[in-house]
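Survey of secondary and tertiary structure
Here is what each chain is made of, one letter per residue.
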Amino acid sequence: MGENIRVSPLKNFVAGGFGGACLLLAGHPLDTIKVRLQTQPKAAQYVLYTGTYDCLRKTVSKEGILGLYKGMGAPLAGVAPMMAISFFGFGLGKQLQQTDPGKPLTHTQIFLSGCLAGVFTTVIVAPGERIKCLLQVRRKSASCVYRCNVPSSGLYFLTYEYLKHFLTPEGQSVSQLSTPKILLAGGVAGILNWTIALPPDVLKSNFQTAADGKYRGLVDVLRTLLREEGPKALYKGFNAVFLRAFPANAACFLGFEVALKGLNIIAPGW
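Reading the values: rules and limits
Residues numbered from 1 in each chain as written. Predicted model: local features only at pLDDT ≥ 70, side-chain atom pairs only at ≥ 80, totals over all residues. Heavy atoms only, no water. UniProt positions renumbered as here; feature names shortened; annotations may be inferred. Helix = DSSP H or I, 4+ residues; strand = E, 2+ residues; numbered from the N terminus. Salt bridge = Lys/Arg side-chain N within 4 Å of Asp/Glu carboxyl O. Buried < 20%, exposed > 50% of the residue type's maximum accessible area, 1.4 Å probe, protein only. Axes fitted to C-alpha atoms, helices over the stretch in contact; angles between N-to-C directions. Parallel < 35°, antiparallel > 145°, perpendicular 65-115°, else oblique. Left-handed = near helix turned anticlockwise from the far one by under 90°. Nonpolar A, V, L, I, M, F, W, Y, C, P; charged D, E, K, R; others polar. Polar contact = N/O pair within 3.5 Å; in protein donor to acceptor, adjacent residues only side chain to side chain. Contact = heavy atoms within 4.5 Å.

Under an unreviewed UniProt entry, the name given to the protein is Mitochondrial carnitine/acylcarnitine carrier protein-like, and the organism recorded is Acanthochromis polyacanthus. Among the UniProt annotations of the protein, the heading Sequence similarities (unreviewed entry) holds the following wording: "Belongs to the mitochondrial carrier (TC 2.A.29) family." For the record of the protein, the UniProt heading Subcellular location (unreviewed entry) holds the text "Mitochondrion membrane".

Listed below in structure tokens is the structure:
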């Protein structure tokens, strides 16, 4: 499995940054809703939103459409570099395992390349997101969430690459895949990734937005959520996440592929 061309981690880095910007533009509104749903008060009498649609309606009615893009500047400064680093790690992983550009990579090699992308983002990007946890001396607990990033990143890229090849008609090159099929492959990869990543994300959101000293660690957050709200609490914001995952990741991979094609034309020697 894989492109029959030389992999360039540098091109992946630039194209990944563009893909990250596309991801944020498509996904930030529902990300805003996801966070608001996950962090609203637990007590029934204080619940602000009854669900995804209710949160969307109230946000737009009180703050306008721009309310959905509130606070997008900081994430843009974080997401674009994060995706650039992620795609760079993926490209580097493929390059290191690609002995012959004409020989496709195996599923295992694609998965391991995706895992390397997860390692890169965890080591380089995650510390910035974890500043609050580090300041509150919760380093050990917080690191548990980020360990999930490595295998889920491997599965994320493997799903996308597998679907790209699966959707390519026999006898055609995967590089000629149509836009709708790229969007489909990217969207499905995003949904599968979030199916695995949502419970740790819910724990992280509650952990990082809680009052100081409320939780001793992520296990304490998990115990509290299960006791107070039951297992469904781990998939709080489910609708918003899955509504966001498809278009955001579809836009991300399409942006990546378009940028990569452009770079191959402009700078073939990179």
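This brings us to the UniProt feature "transmembrane region" (unreviewed entry) in the protein. Within this structure's numbering, the places UniProt gives as "transmembrane region" (unreviewed entry) are residues 67-90 and 110-128. Structurally, residues 67-90 is divided into 75% helix and 0% strand, and its ends, taken at the C-alpha atoms, are 34 Å apart.

Turning next to the pattern of salt bridges. The final tally for this structure, using the stated rule, is nine salt bridges. Put simply, Lys-94 and Glu-161 hold a salt bridge, and the shortest N to O gap is 3.6 Å. Of this pair, Lys-94 sits in helix H3 (residues 73-97) while Glu-161 sits in helix H8 (residues 149-167), and the two are 67 residues apart along the sequence. Relative accessible area serves as the criterion here: at 7%, Lys-94 is assigned to the buried category. A relative accessible area of 4% means that Glu-161 is categorised as buried. With a closest N to O distance of 3.7 Å, Lys-204 and Asp-201 form a salt bridge. Of the two residues, Lys-204 and Asp-201 both sit in helix H9 (residues 179-209), three residues apart, roughly one turn of that helix. We note that Lys-204, like Asp-201, is buried. Beyond isolated ion pairs, a larger network of salt bridges with shared partners links Arg-36, Glu-63 and Lys-70.

Relative to the helices and strands, Lys-58 resides in helix H2 (residues 52-63). Residue Lys-58 is classed as partly exposed on the basis of its relative accessible area of 25%. Sequence-wise, Lys-58 and Leu-48 are ten residues apart; in three dimensions their C-alpha atoms are separated by 9.3 Å.

Working note: a packed helix pair is described by the angle between its axes plus the distance between those axes. Where helix H1 (residues 9-39) meets helix H11 (residues 238-266), the axes come as close as 7 Å, and the angle between the chain directions of the two elements is 165°. Relative to H11, the element H1 is oriented roughly antiparallel. Here H1 and H11 pass one another in a crossing that is right-handed. In terms of residue class, the contact of H1 with H11 is built from 20 nonpolar, eight polar and four charged.

It is worth spelling out the side chain of Thr-168 at this point. As for its position among the elements, Thr-168 is in the loop between H8 and H9. A relative accessible area of 12% places Thr-168 in the buried class. A polar atom in the side chain of Thr-168 sits 2.6 Å from the backbone oxygen of Lys-164. Sequence-distant contacts of Thr-168, that is, excluding residues within four places in its chain, are made with Ser-173, Val-174 and Leu-177.

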